[in-house]
Amino acid sequence: MNAQFKKGILELCVLVLTAKGDKYGYELVQMISEKFFIAEGTVYPLLRRLTKEGYFSTYLKESTGGPPRKYYTLTEEGRAYMESLVCEWNTFYEGVNLIVKEGLGDHAE
Amino acid sequence: MQNKFMSELKEQLQDLPKAEQQDILYDYEEHFRSGLEEGKTEEEIAVSLGQPQAIAREVKSEFRVKEAKPVPSADSVGKAILVTVALVFFNLIFIIGPFFAIAGTLLGLFASSLALLLFPFGLLFSWHQLSGAPDWLMGVFAMLTSLGAGVLMVVGSIVLTRWFYRLTIKYLQFNVMMIKGS
């Protein structure tokens, strides 16, 4: 898959995954890699960028019997950005599906 | 395996600021820790993380993107001042005149539609003079026509005012954007 394309999708995924509650990095990585293949290491630079751009805020929280974990919270700005990305994705997804259906469909002509 | 991965990553991040490096390395340490807690081997974790080189490349490209973002420098502040001054002059010379002309026209439109709406009532008050006249029906028609025209003009003026308002807002936003330089 095209790298730039995948980057955009990853961005959408981490934003959506934090929509209902704060998550720590490892958790986010696992939730995504359960669904499709990614080089897991690339998620962290992405999280850093989104944090720098103000879409996430982070805090450290103790984990059970270990050093603290870094949690990511979706900011107000991040939520608005996520919503616009989801909207874009839906249009894109529907469009591609339609093209695939029309291209491969066996409707008699 | 973890050590190998971390030291390779650290080496690749050499030219970033120290604090930045530590921050990034911390994320991956945490990742290893969480993976180990889940019963994965260091080997497995390192493999699914991917090449340290690729990660470093990613980090650096994000870092550069961030750096390239406009930080207000003396130069950009100077530019903003210049743009502001230019905009003020441009607005004074070319925009203010037409703006008031249009605003005046709109006001005139409202005034004349008000007159059209009030005219029938005036006519009503002088009805005792009119009712005797042979062409009193003309008077009634004049009243209805004036009332109708007045209502139409009010609606029209409101629509025009709304357009004008929107245009003004857009133009003001454009001004702000020019000054911010985005």
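Note that the coordinates shown come from a computational prediction; the quantities given were computed from them, not determined experimentally.

**Comments concerning the overall build of chain A**
Moving on, step 1. Looking only at helices and strands, chain A has 4 helices and 3 strands in total.
Moving on, step 2. For chain A, the sequential pattern of α-helices and β-strands runs α-β-α-α-β-β-α.
Moving on, step 3. Taken over C-alpha atoms, the radius of gyration comes to 17 Å for chain A, far larger than the 13 Å a tight globule of 109 residues would show.
Moving on, step 4. When the 109 residues of chain A are sorted by exposure, 37% land in the buried category.
Moving on, step 5. Pairs at least 24 residues apart make up 50% of the contacts formed inside chain A by residues separated by at least 6 positions.
Moving on, step 6. When the accessible area of chain A is evaluated, it comes to approximately 6,600 Å², of which 58% is carbon and sulfur surface.
Moving on, step 7. Averaging the coordinates of the 13 positive side-chain charges in chain A and doing the same for the 15 negative ones gives two points 9 Å apart.

**Here we look at the sheet that holds strand β3 (residues 66–74) of chain A**
Residue and element names in this part refer to chain A.
Moving on, step 1. One open sheet holds the 3 strands; their spatial order is β1-β3-β2, and the pairing between them is antiparallel. At either margin of the open sheet sits one strand with a lone partner, and together these are β1 (23–24) and β2 (56–63).
Moving on, step 2. Pairing geometry for β2 and β3, over 7 bridges, is antiparallel. Opposite Thr58, over in β3, you have Tyr72 as the bridge partner.

**So, the UniProt feature "transmembrane region" (unreviewed entry) in chain B**
All names here are of chain B.
Moving on, step 1. As annotated in UniProt, the feature "transmembrane region" (unreviewed entry) corresponds to residues 80–102, 109–130 and 136–160 in the numbering used here.
Moving on, step 2. Helix makes up 100% of residues 80–102 and strand 0%, whereas the separation of the span's terminal C-alpha atoms amounts to 30 Å.
Moving on, step 3. In the segment residues 136–160, helix accounts for 100% and strand for 0%; the C-alpha atoms at its two ends are 36 Å apart.

**Focus on helix α3 (residues 43–52) of chain A**
Moving on, step 1. Among the 10 residues in α3 of chain A, 8 count as buried, and that is most of the element.
Moving on, step 2. The set of residues buried in α3 of chain A consists of Val43, Tyr44, Pro45, Leu46, Leu47, Arg48, Arg49 and Leu50 of chain A.

**Some words on the domain arrangement of chain B**
Moving on, step 1. Per the domain assignment, the segments of chain B are domain 1 (2–68) and domain 2 (74–180).
Moving on, step 2. For domain 1 of chain B versus domain 2 of chain B, the separation of C-alpha centres amounts to 64 Å.

**Overview of the packing of helix α2 (residues 25–33) of chain A against α3 of chain A**
Residue and element names in this part refer to chain A.
Moving on, step 1. The N-to-C vectors of α2 and α3 enclose an angle of 120°; their axes lie 10 Å apart at closest approach. Classified by the angle between their axes, α2 and α3 sit oblique to one another. Remark: the crossing between α2 and α3 carries right-handed chirality. Between α2 and α3, the residues in contact are Gly25, Tyr26, Leu28 and Val29 and Val43, Tyr44 and Leu47, respectively.
Moving on, step 2. Of the residues in the contact of α2 with α3, the class split is 6 nonpolar, 1 polar and no charged.

**Here we look at the interface of chain B and chain A**
Often, the extent of an interface is quoted as the loss of accessible area upon association of its parts.
Moving on, step 1. The partner chain A presents 24 residues to the 23 residues of chain B that form the contact.
Moving on, step 2. At the boundary of chain B with chain A, total buried surface from both sides reaches about 2,100 Å², with 48% on carbon and sulfur atoms.
Moving on, step 3. Among the residues of chain B in contact with chain A, Asp27, His31 and Glu62 of chain B are the three that bury the most area, contributing 25% of the side total.
Moving on, step 4. At the boundary of chain B with chain A, the tally comes to 6 salt bridges.
Moving on, step 5. Among the ionic pairs, Lys70 of chain A bridges to Asp27 of chain B, the shortest N-O distance being 3.1 Å.
Moving on, step 6. In the side of chain B that touches chain A, the residues fall into 6 nonpolar, 5 polar and 12 charged.

**Comments concerning a nonpolar patch on the surface**
Moving on, step 1. On the surface, Val77, Ile81, Val85, Val88, Phe89, Phe90, Leu92, Ile93, Phe94, Ile96, Phe99 and Phe100 of chain B cluster together into a nonpolar patch covering about 1,200 Å² of accessible area.
Moving on, step 2. Its place among the elements puts Leu92 of chain B in helix α5 (residues 74–125).

**Remarks on the packing of α2 of chain A against helix α2 (residues 18–37) of chain B**
Moving on, step 1. Packing of α2 of chain A against α2 of chain B brings their axes to within 9 Å, and their N-to-C directions diverge by 65°. Compared by their axis directions, α2 of chain A and α2 of chain B come out roughly perpendicular. Pair α2 of chain A / α2 of chain B crosses with right-handed handedness. Contact residues: Gly25, Tyr26, Val29 and Gln30 of chain A in α2 of chain A; Glu30, His31, Ser34 and Gly35 of chain B in α2 of chain B.
Moving on, step 2. Across the contact of α2 of chain A with α2 of chain B, the residue classes break down as 2 nonpolar, 5 polar and 1 charged.

The rules behind these values
- Residues numbered from 1 in each chain as written.
- Chains lettered and ligands numbered in written order.
- Predicted model: local features only at pLDDT ≥ 70, side-chain atom pairs only at ≥ 80, totals over all residues.
- Heavy atoms only, no water.
- Helix = DSSP H or I, 4+ residues; strand = E, 2+ residues; numbered from the N terminus.
- Rg over C-alpha atoms; globule rule 2.2 N^0.38 Å.
- Buried < 20%, exposed > 50% of the residue type's maximum accessible area, 1.4 Å probe, protein only.
- Contact = heavy atoms within 4.5 Å.
- Areas by Shrake-Rupley, 256 points an atom, 1.4 Å probe, with all protein chains shown as cover.
- Lys, Arg positive; Asp, Glu negative; His and termini not counted.
- Charge placed at Lys NZ, Arg CZ, Asp CG, Glu CD.
- Pairing = 2+ DSSP bridges.
- UniProt positions renumbered as here; feature names shortened; annotations may be inferred.
- Domains from an automatic or database assignment.
- Axes fitted to C-alpha atoms, helices over the stretch in contact; angles between N-to-C directions.
- Parallel < 35°, antiparallel > 145°, perpendicular 65-115°, else oblique.
- Left-handed = near helix turned anticlockwise from the far one by under 90°.
- Nonpolar A, V, L, I, M, F, W, Y, C, P; charged D, E, K, R; others polar.
- Buried area = accessible area lost by both parts, 1.4 Å probe.
- Salt bridge = Lys/Arg side-chain N within 4 Å of Asp/Glu carboxyl O.
- Patch = residues over 30% accessible without salt bridge, like charges linked within 9 Å, V, L, I, M, F, W, Y side chains within 5 Å.

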